[in-house]
Structures are given as structure tokens and as C-alpha cells.
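Next come the chains, spelled out residue by residue.
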Amino acid sequence: MSGFARVAGGAPGGAADLAETVARVAAGDREAFAALYDAVAGPVYGLVLRVLRDPAQSEEVAQEVMVEVWRSAARYAPERGGVTTWVLTIAHRRAVDRVRSEQAAADREERTATAAHTPPYDQVSEEVAVRLESEQVRRCLGSLTDLQRQAVTLAYYQGYTYREVATHLAAPLGTVKTRLRDGLIRLRDCMGVSA
């Protein structure tokens, strides 16, 4: 609490004294503000520190609260509550505003960092790779027997089940499965894919 050393002079005694002190602060009485400061600076700092959990920021926010109390003393209404409650309400609002401000800044930084880290996308090289791969698949399909190519095309490019391929080719299911297996092995070898 280094920034909140006690100011010379005694702190006001009770709630009535604090209300009178705030009225004098509203009239611009610096000595009254020093007395009010002595009475509420400690609780203000403690409340702000509980919200922010950072001593340096807490001192800064507590100082802002006391400046606001000095500037807005004329707005204090005793019928709405005690001086300490009024000051601590200001402190709590300021502390919460600081938390929200810090969170918004952190969110902005995170969005900026994420946007800056987007990996570059080379559309031309991607298209070339896809075309080369497609050409290799067509070339390898050409190396299959007609029966293997038909079975593979029906099953993997047209989405037929083994049973539907067998029906379409008018071949037994076991024969279709063998053609598909042999065709896929030849494709794998042709494409240079390891098993």
C-alpha cells in the first residue's frame, strides 16, 4: 500500500462525521479531503486489490477512485447510504471496469496474433499437386485389367457396395472381392504407396 500512506491529520470518527467531511470536500476543502482520504483509502485499496489481484494496478485504480471522490463529492446523497458504502461502490465499479478493459485488450491481442499466424495458402501449388495426383491415379487405373478397373471404379468412384458391384457386373460376390483386392494392390504398388 505504498501509494496510500496516511496523510497528516486525524480521520473523521463516525458516519455523521464522514458525511460532514464529504460536504466540506464538495465545497473544495483540501483538509477535509485529506481526512476523508485517511478514512477510506485503505478499504478502497483492499477492495480493488481483491478484484484486480495486482498491487500496481490496484494502487493506480485506487488513486483514480480517490480523484473521482474529490470531483464528485457534491453528488453524494446521505439518504442513499453511508460515505464508505458510496466510496466503495465507486471503487468496485472502477475495478470491474479495469478487469473488463484488460480482458478486452487481451482478446484483441489474441485475435490479432491468431490472424497474423494464419499459414499462407498457395492455391497454385495445391492445384498442381491435385492434378498430378489425379493424373497418376488415371495412369495407374489404366494398368489394371478391365475387370479390376470396372470393380474399383464402381466401388470407389461411384459408391457401390460389394454386393451392388457384383450385381452390376453379374459376377459372384467372392470374385468381385478378389478383383477389388487385386486391383487395389496393383494401384498401391503403381502409386508407390507403402502398405
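What you see is a predicted model, and the numbers here were worked out from it, not measured in a lab. (Residues numbered from 1 in each chain as written. Predicted model: local features only at pLDDT ≥ 70, side-chain atom pairs only at ≥ 80, totals over all residues. Heavy atoms only, no water.)

Trainee: Can you tell me about helix 8 (residues 173–191), naming the residues and giving the values?
Mentor: Working note: α-helix, 3.6 residues per turn, so residues spaced by three or four point in the same direction. The terminal C-alpha atoms of helix 8, which comprises 19 residues, lie 27 Å apart, in line with the 27 Å expected from a rise of 1.5 Å per residue. For helix 8, the set of buried residues is V176, R179, L180, G183 and L187. For helix 8, the angular spread of buried residues about the axis comes to 100°, placing them on one side. In the core, the buried residues of helix 8 are packed alongside helix 5 (123–142), helix 6 (146–157) and helix 7 (162–169). Immediately beyond the C-terminal end of helix 8, within one or two residues, lies G192, with a positive phi of roughly 75°. (Helix = DSSP H or I, 4+ residues; strand = E, 2+ residues; numbered from the N terminus. Expected span 1.5 Å × (residues − 1). Buried < 20%, exposed > 50% of the residue type's maximum accessible area, 1.4 Å probe, protein only. Arc of directions from axis to C-beta. Contact = heavy atoms within 4.5 Å.)

Trainee: Quick rundown of the nonpolar core? Include the residues and the values.
Mentor: Formed by 27 residues in total, the largest nonpolar core has its most connected members in L36, V44, V65 and V87. Of all the secondary structure elements, the ones that give two or more residues to this core are helix 1 (15–26), helix 2 (30–52), helix 3 (55–72) and helix 4 (83–116). Element by element, the count of residues in this core is highest for helix 2, at eleven residues. Once residues within four sequence positions are removed from consideration, V87 is found in contact with V40, V44, V65 and V69. Among the nonpolar cores identified, the runner-up in size contains 14 residues, and A151, V152, L180 and L187 belong to it. (Core = buried A, V, L, I, M, F, W, Y, C linked by side-chain atoms within 4.5 Å.)

Trainee: Hey, could you go over the side chain of S72 for me, with residue numbers and the actual values?
Mentor: Take S72: it is sitting in helix 3. Residue class for S72 comes out buried when judged on its relative accessible area of 3%. A polar atom in the side chain of S72 sits 2.6 Å from the backbone oxygen of E68. Among all residues touching S72, those that are not within four sequence positions of it are W86 and I90. (Polar contact = N/O pair within 3.5 Å; in protein donor to acceptor, adjacent residues only side chain to side chain.)

Trainee: Please provide a residue-by-residue account of the packing of aromatic side chains, values included.
Mentor: For the structure shown, the criterion picks out three aromatic pairs. A centroid spacing of 5.1 Å and a plane angle of 75° characterise the contact between F33 and W70, whose relative ring orientation is edge-to-face. Here F33, found in helix 2, pairs with W70, found in helix 3; they are 37 residues apart in sequence, far enough to count as distant. The partly exposed category is assigned to W70, whose relative accessible area is 29%. Three or more aromatic residues link up through ring pairs in this structure, and these residues are F33, Y37 and W70. (Phe/Tyr/Trp six-rings, centres within 6.5 Å; stacked < 30°, edge-to-face > 60°.)

Trainee: Residue-level account of the side chain of S58, with values.
Mentor: With respect to the secondary-structure elements, S58 resides in helix 3. On the basis of relative accessible area, S58 is assigned to the buried category, the value being 0%. In contact with S58, not counting residues within four places along its chain, are Y45, V48, L49 and L52.

Trainee: Let's hear about the packing of helix 3 against helix 4: which residues, and what values?
Mentor: Across the interface, helix 3 lies against helix 4 with an axial gap of 9 Å and an inter-helix angle of 135°. Here helix 4 runs oblique to helix 3, going by the angle between their axes. Regarding helix 3 and helix 4, the two cross each other, and that crossing is right-handed. Of the residues in helix 4, those in contact with Q57, E60, V61, E64, V65, E68, V69 and S72 of helix 3 are W86, V87, I90, A91, R94, A95, R98 and E102. A breakdown of the residues in the contact of helix 3 with helix 4 according to their chemical character gives eight nonpolar, two polar and six charged. (Axes fitted to C-alpha atoms, helices over the stretch in contact; angles between N-to-C directions. Parallel < 35°, antiparallel > 145°, perpendicular 65-115°, else oblique. Left-handed = near helix turned anticlockwise from the far one by under 90°. Nonpolar A, V, L, I, M, F, W, Y, C, P; charged D, E, K, R; others polar.)

Nothing here speaks to function; it is all geometry.
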